[in-house]
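Here are the chains, one letter per residue:
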Amino acid sequence: MVKKLEPKSEFEVLDIDGDGVVSDQELRAVEALDAHDKQYHQTRLSYCAMIAMLTLTMIAVLPVLSMEKLKILDGLFSIFFITMGGIIAAYFGAQAFVQRGKK
Ligand SMILES: [Ca+2]
């Protein structure tokens, strides 16, 4: 018995070669593409966190903000750096965990 997708199914895109059958190989290819996309976005997120930390550091060092304003923003900056550092640490930790699982 041949299994079919319903007309205009959202899963028609999984039939990569267009033969009307969604094979296990095509499902594995889609899973690999999804994993790649996830890793790409995690990498971009960690880069954005690093750039945000560097940008905030540059703004704090430049004489744009007065000492009074910097003192007011001190607590906010601390939380911001801890949060951004946490994102970067989580990214590298997840990468190390995934690489360890592949061996
Ligand atoms: Ca196919």
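Here the structure is a predicted model, which is why all the values come from computation and not from measurement.

S.K.: Where do I start with the overall build of the chain in this structure?
M.R.: Within the chain, the secondary structure is distributed over two helices and zero strands. Its C-alpha atoms give the chain a radius of gyration of 23 Å, more than 25% over the compact-globule value 13 Å for 103 residues. Taking the principal axes of the C-alpha coordinates as reference, the chain spans close to 75 × 35 × 20 Å. Counting across all 103 residues of the chain, residues that qualify as buried make up 2%. The contacts of the chain with a sequence gap of at least 6 include a subset with a gap of at least 24, amounting to 47%.

S.K.: Please explain the environment of Tyr-47 as it appears in this structure.
M.R.: Along the chain, Tyr-47 turns up in helix 1 (residues 24-61). Here Tyr-47 falls in the exposed class, since 12 other C-beta atoms lie within 10 Å of it. Between the C-alpha atom of Tyr-47 and that of Ile-88, which follows or precedes it by 41 residues, the distance is 8.1 Å.

S.K.: Quick question: what am I supposed to make of the packing of helix 1 against helix 2 (residues 67-102) here?
M.R.: At a minimum axis separation of 9 Å, helix 1 and helix 2 run at an interaxial angle of 155°. One finds that helix 1 runs roughly antiparallel with respect to helix 2. Here helix 1 and helix 2 pass one another in a crossing that is left-handed. Where helix 1 approaches helix 2, its residues Gln-42, Leu-45, Ser-46, Ala-49, Met-50, Ala-52, Met-53, Leu-56 and Ala-60 are matched on the opposing element by Leu-70, Phe-77, Phe-80, Phe-81, Met-84, Ile-87, Ile-88 and Tyr-91. Taken together, the residues of the contact of helix 1 with helix 2 break down into 15 nonpolar, two polar and no charged.

S.K.: Can you walk me through helix 1 in this structure?
M.R.: Every α-helical turn comprises 3.6 residues, leaving residues that sit three or four positions apart pointing alike. Here helix 1 is 38 residues long and its end C-alpha atoms lie 56 Å apart, about the 56 Å a rise of 1.5 Å per residue gives. Burial analysis of helix 1 places just one of its 38 residues in the buried class, a small minority of the element.

S.K.: Help me understand helix 2, please; the structure alone is not making it clear to me.
M.R.: With 36 residues, helix 2 extends 50 Å between its outermost C-alpha atoms, agreeing within 8% with the 52 Å of an ideal straight helix rising 1.5 Å per residue. The largest bend in helix 2 is about 50°, located at Leu-73. Sparse coverage of helix 2 is indicated by the burial of zero of its 36 residues.

Parameters and conventions
Residues numbered from 1 in each chain as written. Predicted model: local features only at pLDDT ≥ 70, side-chain atom pairs only at ≥ 80, totals over all residues. Helix = DSSP H or I, 4+ residues; strand = E, 2+ residues; numbered from the N terminus. Rg over C-alpha atoms; globule rule 2.2 N^0.38 Å. Buried ≥ 20, exposed ≤ 12 C-beta atoms within 10 Å, placed from the backbone. Contact = placed C-beta atoms within 7 Å. Axes fitted to C-alpha atoms, helices over the stretch in contact; angles between N-to-C directions. Parallel < 35°, antiparallel > 145°, perpendicular 65-115°, else oblique. Left-handed = near helix turned anticlockwise from the far one by under 90°. Nonpolar A, V, L, I, M, F, W, Y, C, P; charged D, E, K, R; others polar. Expected span 1.5 Å × (residues − 1). Bend = angle between axes of the 7 residues up to and from the residue.

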